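# Structure at a glance
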Amino acid sequence: METCEILKTLRERQGLTQEELAQRLFVTRQAVSRWETGETQPNTETLRRLSGVFDVSINTLLGSPRQLICQCCGMPLTDDGQISREPDGSFNEEYCKWCYADGQFVYQDMDQLLEFLVAHMSGEHFPPEQARAYFTDALPKLKHWSK
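Quantities reported herein were computed from a predicted structural model and do not represent experimental measurements.

## Points about the packing of aromatic side chains
Counted under the stated rule, the structure contains 7 aromatic pairs. When the centroid spacing of 4.9 Å and the interplanar angle of 90° are considered together, the rings of tyrosine 95 and phenylalanine 105 count as edge-to-face. Of the two residues, tyrosine 95 sits in strand E4 (residues 91-96) while phenylalanine 105 sits in strand E6 (residues 104-105), which places them 10 residues apart along the sequence. Judged by its relative accessible area of 25%, phenylalanine 105 falls in the partly exposed class. Ring centres 6.2 Å apart and planes at 70° place the aromatic pair phenylalanine 126 and tyrosine 134 in the edge-to-face group. By relative accessible area, phenylalanine 126 is classed as partly exposed at 24%. Classification of tyrosine 134 as partly exposed rests on a relative accessible area of 48%. When the ring centre of phenylalanine 91 is taken as reference, the NZ or CZ atom of arginine 85 above it lies at 4.1 Å.

## Let's talk about the pairing of E4
Among the 6 residues in E4, 5 count as buried, and that is most of the element. Bridge count for strand E3 (residues 83-85) against E4 is 3 bridges, and the pairing is antiparallel. In the sheet register, serine 84 faces E4, and the bridge partner there is asparagine 92.

Criteria and thresholds
- Residues numbered from 1 in each chain as written.
- Predicted model: local features only at pLDDT ≥ 70, side-chain atom pairs only at ≥ 80, totals over all residues.
- Heavy atoms only, no water.
- Phe/Tyr/Trp six-rings, centres within 6.5 Å; stacked < 30°, edge-to-face > 60°.
- Helix = DSSP H or I, 4+ residues; strand = E, 2+ residues; numbered from the N terminus.
- Buried < 20%, exposed > 50% of the residue type's maximum accessible area, 1.4 Å probe, protein only.
- Lys NZ or Arg CZ within 6 Å of the ring centre and 35° of its normal.
- Pairing = 2+ DSSP bridges.

Rendered as structure tokens:
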């Protein structure tokens, strides 16, 4: 789905007119109309405000052009409910809500996360030693741990 279709669908789902959305965003009704027809795109700051109004990530507003992966644990972030939030309520598309909450990282070091993942991700088809080897190799490649 294109950004223009997404914006119109989200606006209508919330029962807002173009004028009402424009007032919330401090733009003109014509700007909203141009976004919904695909004539123009909202700028970065407006995308942030739209994300807040509709309670969806910017990635969702843009039609999910990139596969989000938690840069702490490596989990694919397949829906907005899994994405972490900053203390102001805005989305942080870098991390899942289980690794980053209220502006703080949950795991203080890689070993702590590794122990959690091995305990919770291993099973009959993914034995603990295989899980440990996999995550020992994968975690250091993620942004949070490669600093």
